[in-house]
Amino acid sequence: PLSLWLMTIILITTAVGYFGHLGTLGLTGPDEPRYASIARNMSETGDWVTPKLNGQPWFEKPALYYWGAAASFRVFGENDYAARFPSGLAAFLAGLAMAWAAWRFYSAATTVLAALLMPTTLGLIAFSRAATPDMLFAGTIAAAMALGAELLVAEKPRDLHRLGFGIFLGLAVLAKGPAAIALTFGSVALWTILTRDRKSVV
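These numbers were taken from a predicted model, which means no experiment stands behind them.

### Some details on the pattern of salt bridges
Thinking step 1. Within the structure shown, the criterion is met by four salt bridges.
Thinking step 2. One salt bridge in this structure joins Arg34 and Asp31, with 2.8 Å as the shortest N-O distance. Here the residue Arg34 and the residue Asp31 both occupy positions in helix α2 (residues 31-45), the gap between them amounting to three residues, near one helical turn.
Thinking step 3. Between Glu150 and Arg104 there is a salt bridge, and its shortest N-O distance comes to 2.5 Å. Separated by 46 residues along the polypeptide, Glu150 in helix α7 (residues 134-153) and Arg104 in helix α4 (residues 80-105) bring together distant segments of the chain.

### Brief notes about helix α9 (residues 179-195)
Thinking step 1. The terminal C-alpha atoms of α9, which comprises 17 residues, lie 24 Å apart, in line with the 24 Å expected from a rise of 1.5 Å per residue.
Thinking step 2. Buried residues along α9 sit in contact with α7 and α8 (159-176).

### Considerations on the nonpolar core
Thinking step 1. Counting residues in each nonpolar core, the largest one holds 42 residues, and the members touching the most others are Tyr65 and Tyr66.
Thinking step 2. Of all the elements in the fold, those that place two or more residues in this core are α1 (4-19), α2, α3 (64-76), α4, α7 and α8.
Thinking step 3. If one sorts the elements of this core by residue count, α7 sits on top with 10 residues.
Thinking step 4. Setting aside its immediate chain neighbours within four residues, Tyr65 contacts Tyr35, Ala36, Ala83, Pro86, Ala131, Thr132, Pro133 and Leu136.

Reading the values: the criteria
Residues numbered from 1 in each chain as written. Predicted model: local features only at pLDDT ≥ 70, side-chain atom pairs only at ≥ 80, totals over all residues. Heavy atoms only, no water. Salt bridge = Lys/Arg side-chain N within 4 Å of Asp/Glu carboxyl O. Helix = DSSP H or I, 4+ residues; strand = E, 2+ residues; numbered from the N terminus. Expected span 1.5 Å × (residues − 1). Contact = heavy atoms within 4.5 Å. Core = buried A, V, L, I, M, F, W, Y, C linked by side-chain atoms within 4.5 Å. Buried < 20%, exposed > 50% of the residue type's maximum accessible area, 1.4 Å probe, protein only.

Listed below in structure tokens is the structure:
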């Protein structure tokens, strides 16, 4: 059973690992200021359809990060913390997905370990503090793959899991394009080959 102390440690680790000091460092490199500028333009103009950089359409990346950061600017104001908040939220989603998968396929103890280890992982700490689409892509892919694993092994998959898989896969495509589909269905194909379970594809 989870004690109050253990729950407190998990909550503190989660808050600090995913959301602590998101705005401590200024936006760096060429990418963070560019993406944040596009999101700020969306927030200010109300044009949520066409990403624009310096007044010109910019279609280098799909729009999920811009939407998330623009909404974040409206909630928190136009600052570095708000620009990185979507990445922190996506890292939290990835941690939840891994904890849920650990609970579903392993044990409660493994779930606790996942909940404690994910927010202290160097990769998640770094990418949750980057105003880029990368963490959004990783978080939505993690959620889609956790639900995909459930669909592969469950005798009677629930419609809710099917719906969630589709939603998170769609969000992953909106985060970084068709690479999400290639990675997801490539994993399903590999599972099918290794287990020789052709029903998995269906």
